[in-house]
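Breakdown of the fold
Listed below, chain by chain, are the residues.
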Amino acid sequence: MDNLKEKFLKLRERMLDKFKEDFKKHLELGEKEIPIKTIGPINGVYFERGEKTYFIRPRIRAGIMSLKQMKRINDLAMRYGDGEIKLTTRQGVQIRGIRSENVFNVINGLGEVELYTQAVGGKSIRGMTVSSYSGFEEEEFDVIPYAVKSTDYLIQNEDTYKLPGKLKFAISNNEKDSGNAKYSDMGFIARNIDGENYFDIYFDFGLNLSMKNPYKYSKRIKAEEMVYYMRATVMMFIENMDMKNPRARLRTMNRIIGKENFEGKYREYLEKAKKEIDSIISLKDLYSGTDKKYESKSWAKEIEKENIDDKDINAKMFRNIKECFYQKGIYAVTLKYQGGVIRKGGLLKLIDYLENLSHDIRIKLTNNQDIIIFDLNGDEVVYIMKNFKELLMTSDLEESITCTGIPRCRLALTSSKAIFNRIIKEFNEKNTDLKSELPILRISGCPNSCSLTFKGVLGFSGRMKTVDEEKKIAYTLLSENKKIIYAGKAVIPEDKIPKLMIELAETKRNSKIADFHEFIERKSEEVNRIIEKYM
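Now for a look at the structure at hand. These figures come from a predicted structure and were not determined experimentally.

This part takes up unusual backbone geometry. The omega torsion across Ile 406 and Pro 407 is 15°, close enough to zero to call that bond cis. Relative to the elements of secondary structure, Pro 407 occurs in the loop between strand E17 (401-402) and helix H11 (416-430). Residue Glu 114 is not a glycine yet carries a positive backbone phi of 60°. Relative to the assigned elements, Glu 114 resides in the loop between helix H3 (103-111) and strand E6 (129-130). For Glu 114, a relative accessible area of 43% corresponds to the partly exposed category.

Of all the positions in helix H9 (residues 348-355), only Leu 350, Ile 351, Tyr 353 and Leu 354 are classed as buried. Within H9, the buried residues cover an arc of 165° as seen down the axis, which keeps them to one side.

Our focus in this paragraph is the nonpolar core. Judged by nonpolar contacts, the single largest core of 62 residues is most densely connected at Phe 188, Phe 199 and Phe 203. Element by element, the count of residues in this core is highest for helix H5 (residues 226-240), at eleven residues. Filtering out sequence-adjacent residues up to four positions away, Phe 188 remains in contact with Met 128, Ala 170, Ile 171, Ser 172, Ala 181, Phe 199, Asp 200, Ile 201, Ile 221, Met 226 and Met 230. Counting 59 residues, the second largest nonpolar core, distinct from the first, contains Phe 47, Ile 60, Ile 313 and Leu 354.

Pairing is antiparallel across the open sheet formed by five strands, whose spatial order is E1-E2-E5-E4-E14. What marks the edges here is a single partner per strand, and that holds for strand E1 (45-47) and strand E14 (341-342). Pairing between strand E4 (residues 85-87) and strand E5 (residues 93-98): three bridges, direction antiparallel. Looking across to E5, one finds that Leu 87 is bridged to Val 93. Packed on one face of the sheet, helix H2 (residues 67-80) meets E4 and E5 and runs near 15° to E5. Against the sheet, H3 engages E1, strand E2 (54-56) and E5, with an angle of about 10° to E2.

Here we take up a negative patch on the surface. Side chains of Glu 302, Glu 304, Glu 306 and Glu 323 sit close together on the surface and give a patch of like negative charge. With respect to the element layout, Glu 304 can be found in the loop between helix H8 (283-286) and strand E12 (321-323). For Glu 304, a relative accessible area of 36% corresponds to the partly exposed category.

With that settled, the discussion passes to the packing of aromatic side chains. Inspection of every chain in the model, using the stated rule, returns 31 aromatic pairs. Their ring planes at 45° and their centres at 5.4 Å tell us that Phe 19 and Phe 104 sit as a pair that is tilted. Highlighted residues: Phe 19 in helix H1 (residues 2-29) and Phe 104 in helix H3, separated in sequence by 85 residues. Across the pair, exposure class does not vary: Phe 19 and Phe 104 are buried alike. Taking the centre distance of 4.9 Å and the plane angle of 5° together, the rings of Tyr 46 and Phe 55 count as stacked. Feature note: the residues Phe 203, Phe 205, Tyr 215, Tyr 217, Tyr 229, Phe 262 and Tyr 266 constitute an aromatic cluster, connected by ring pairs. Directly above the aromatic system of Phe 8 lies the positively charged group of Arg 59, at a separation of 5.6 Å from the ring centroid.

Reading the values: the criteria
Residues numbered from 1 in each chain as written. Predicted model: local features only at pLDDT ≥ 70, side-chain atom pairs only at ≥ 80, totals over all residues. Heavy atoms only, no water. Helix = DSSP H or I, 4+ residues; strand = E, 2+ residues; numbered from the N terminus. Buried < 20%, exposed > 50% of the residue type's maximum accessible area, 1.4 Å probe, protein only. Arc of directions from axis to C-beta. Core = buried A, V, L, I, M, F, W, Y, C linked by side-chain atoms within 4.5 Å. Contact = heavy atoms within 4.5 Å. Pairing = 2+ DSSP bridges. Axes fitted to C-alpha atoms, helices over the stretch in contact; angles between N-to-C directions. Patch = residues over 30% accessible without salt bridge, like charges linked within 9 Å, V, L, I, M, F, W, Y side chains within 5 Å. Areas by Shrake-Rupley, 256 points an atom, 1.4 Å probe, with all protein chains shown as cover. Salt bridge = Lys/Arg side-chain N within 4 Å of Asp/Glu carboxyl O. Lys, Arg positive; Asp, Glu negative; His and termini not counted. Charge placed at Lys NZ, Arg CZ, Asp CG, Glu CD. Phe/Tyr/Trp six-rings, centres within 6.5 Å; stacked < 30°, edge-to-face > 60°. Lys NZ or Arg CZ within 6 Å of the ring centre and 35° of its normal.

Here is the structure:
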């Protein structure tokens, strides 16, 4: 493994040397001559809207960071950016508002704590998304070590950064698929059979971002063979997709090859991948340490609910608390910065508290733009509940997911955060208790899928709509539920969406149906009539 890391660091050094040359020319000749999108994303650097500042993405391995790394990200954001940090839906972060003279200060500062900016953007693989509670909850097995070690092999290959298009992997620790394996280009879902670890593999054959069509590979593979299959996918993508195709994605290649021919062709690359990998490292060495042994924690202590004053803690806050499966008195707390945006200085209080704990903790970023603090005892959980109330959501609606959008993203047509704030404001003014009736919303400021708008019951994708010969901001309503007949068809003006949400919430409450999915199934005609009113 040390050899793989050494190879990656040497490759990274060459990539950054080239980027320094190209970035200098970009500054001298301007964006029109050398667009940042042609040189920056492969090294984690992007222009922000307005083309005056940049944001930088470090790669967070499996979404896991140390307290030292969190502190460094915050320090760099405060010193070299505008202080704002964005949590992403691929378990990563963006450090925002960086001026050109500070780009390499940030990249170097991240590297000092082993946070690297390769394999996060451009035509390369992306960091693998992982089930948020893997290793902490009942599961098939802990998939985090497999995700980390397999990706470690891929990132030291030079051709990983010369793909026809981006390539996204995901892994889930059980059939619930909380890692979004079935929503990625290639996904793995864990299976434990007779004490042995396996993966089911899924490939995307969908027509587009909103029409996912996961194809289940015919063979269930041994967990320690995972890297063979990931490397084979990279090889096949490179050799079977036009490098100049602006829409090059794995699903595009898969549809061209066709399901009937896919597996036969894929096995050819699988043999090539095995031969390459076996000549460099043994699977035993690559996956050493994946058999996790859980050790008892002497500091563990259960929450004493009978001693908690209801005036200090809302009972609904406990939805953010999860107890460890292997020992009582060990907890994880989910913290939500609404919209995934951490304002300047917004981490200082949390970092200060965590630094003063008497034992180690773990930090995990989720694909729902949350931060999870693992390995807390009952007293520490209660302290957080009392002192970080603003980060503990009490309804699914408050946990909604928004993309970067305007004013940061260059592709955005709308501000997803602004429409979400308008929705929350409407509920706060009308009836704040109604928030509990709605599910998590997924909102993007353009037709892209940064918020996975097509996943779940209600999503909104930003666009413009002509109303009375005037262009207005609007959103296309999306849903996985086939009973919503207007999904993908209803284009709703921005100013009508808060009222639509209120009416849906009121209708659900009056129906006395607790679950929103069940509400849609049983009251679909009424739901569709309501949606039609606002189109």
